[in-house]
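Take a look at the letters that make up each chain.
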Amino acid sequence: MEFTAKQIAELVQGRIEGNENATVNAFSKIEEGHEGAISFLSNPKYTHFLYDTKSSVVLVNDDVELEKPVAATLIRVKNAYESVARLLQLYESMKPKKTGVDALAFVSPTAKIGKDVYIGPFTYIGDGVEIGDGTRIFPNVTIYDGTRIGREVTIHAGAVIGADGFGFAPNQEGYEKIPQIGIVVIEDHVEIGANTCIDRSTMGQTVIHRGVKLDNLIQVGHNCEVGENTVMSAQAGLAGSTKVGAWCMVGGQAGFSGHITVADRTIVGAQSGVISNTKGNGQQLIGAPAIDPKVFFKAQAVMKRLPDMYRELGALRKEVERLKEISDKTNNENQ
């Protein structure tokens, strides 16, 4: 498929600087640009690539100021990142979509499969599973009994949905397994990354609400609930019965203690450890235990000075001991 700069500008409501008839047939990173490719610039640290890129067309923000001539045709938009995302979605929608059940997949006779569903090879669909229309399930996915999946859901390779939650009760001989008799419910328009695991609940439901996007290698424990349109980066982990609100953003490797509630629109930084309920209203958290970023960075600034402070404290102790010895000696002489 080939498009002109003029056609692209119309699609993204952009303004052309350069040759409106320049054609593209591929996407490329700006630093790896080549003739016939379209690239984008949204991060200022990549601006220097703009002057040397071989891409035919580059999407840039309206406020980018040029320091020297650019060979590529520019399309100025409000937000280059959002515009390239829209173009990528259009490109993806034009590609033929696979449907049907691969011959190497197993689907239980009691499962209910919607229309235009794709189930890849070596996938296992257990008893009583329900899958809505337009859902895509890639190879090696395992979906345990009773799981309910909505419409237009994407589950990437290796994900496991509905395995037992981590429930064990200690006794004199070790640990006794607590049966996990609940299910997992995944609502419409959810995307689940490769090798992510979502455990079934002890009782009731583990719920992933509409529009949630989960990256690869995420663990969602039993009885958890993830609110609408929340996004989580790779290796985040939710302990059992964690409730995460709507429109939250969670960085990579963040961890959540069990039985806590994370309010709507909370932003959790990478490698944070959230151990208590949050306040919401766009609250930002970072660190372990997670705290306000301003407090965190002040503490980090002090942390860098700790070795010097420790040496200073040692010197002060020696000085205090020396002064004490002098004082004791003076007192003894005066007696």
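Residues numbered from 1 in each chain as written. Predicted model: local features only at pLDDT ≥ 70, side-chain atom pairs only at ≥ 80, totals over all residues. Heavy atoms only, no water.

### Observations regarding the sheet that holds strand E22 (residues 191–192)
Piece 1. An order of E8-E11-E14-E17-E22-E25-E28-E31-E34-E36 is seen for the 10 strands of this open sheet, with the pairing classed as parallel. Two strands bound the open sheet, and with one partner strand each, they are strand E8 (100–101) and strand E36 (284–285).
Piece 2. Summarising the sheet, strand E11 (residues 118–119) and strand E14 (residues 136–137) pair through 2 bridges and their orientation is parallel. Bridged to Tyr118 within E14 is Arg136. (Pairing = 2+ DSSP bridges. Helix = DSSP H or I, 4+ residues; strand = E, 2+ residues; numbered from the N terminus.)

### Regarding a nonpolar patch on the surface
Piece 1. Together, Met1, Phe27, Leu88, Tyr91 and Met94 make up a nonpolar patch on the protein surface, roughly 470 Å² of accessible area in all.
Piece 2. With 3 residues, helix H2 (residues 80–94) is the single largest residue contributor to the nonpolar patch.
Piece 3. Its location among the elements puts Phe27 in strand E4 (residues 26–27).
Piece 4. You can call Phe27 partly exposed: its relative accessible area is 32%. (Patch = residues over 30% accessible without salt bridge, like charges linked within 9 Å, V, L, I, M, F, W, Y side chains within 5 Å. Areas by Shrake-Rupley, 256 points an atom, 1.4 Å probe, with all protein chains shown as cover. Salt bridge = Lys/Arg side-chain N within 4 Å of Asp/Glu carboxyl O. Buried < 20%, exposed > 50% of the residue type's maximum accessible area, 1.4 Å probe, protein only.)

### Things to note about the environment of Glu35
Piece 1. For Glu35, the location among the structural elements is in the loop between E4 and strand E5 (37–41).
Piece 2. Judged by its relative accessible area of 73%, Glu35 falls in the exposed class.
Piece 3. Placed 199 residues apart in sequence, Glu35 and Ala234 show a C-alpha to C-alpha distance of 34 Å.
Piece 4. Other than its neighbours up to four places away in sequence, Glu35 contacts Lys54 and Ser56. (Contact = heavy atoms within 4.5 Å.)

### Describing the side chain of Ser83
Piece 1. Following the sequence through the fold, Ser83 ends up in helix H2.
Piece 2. By relative accessible area, Ser83 is classed as buried at 3%.
Piece 3. Contact partners of Ser83, with chain neighbours within four places excluded, come to Val12, Leu59 and Val77.

### What about the nonpolar core?
Piece 1. The biggest cluster of nonpolar side chains holds 41 residues, and the ones touching the most others in it are Ile143, Ile155, Ile161, Ile186, Ile192, Ile198 and Phe256.
Piece 2. Excluding residues within four positions of it along the chain, Ile192 makes contact with Thr154, Ile155, His156, Ala159, Ile161, Ile186, Ile198 and Leu214.
Piece 3. Formed by 14 residues, the second largest nonpolar core is a distinct cluster that contains Val24, Leu59, Val77 and Leu87. (Core = buried A, V, L, I, M, F, W, Y, C linked by side-chain atoms within 4.5 Å.)

### Focus: the pattern of salt bridges
Piece 1. The final tally for this structure, using the stated rule, is 9 salt bridges.
Piece 2. Residue Lys177 is joined to Asp164 by a salt bridge in which the shortest nitrogen-to-oxygen separation is 3.1 Å. Of this pair, Lys177 sits in strand E20 (residues 174–177) while Asp164 sits in the loop between strand E18 (160–163) and strand E19 (168–171), and the two are 13 residues apart along the sequence.
Piece 3. We classify Lys177 as partly exposed; its relative accessible area is 40%.
Piece 4. One salt bridge in this structure joins Arg311 and Asp308, with 2.1 Å as the shortest N-O distance. Within this pair, Arg311 and its partner Asp308 are both found in helix H3 (residues 293–334), separated by 3 residues, close to a single helical turn.
Piece 5. Note on Arg311: relative accessible area 53%, which makes it exposed.

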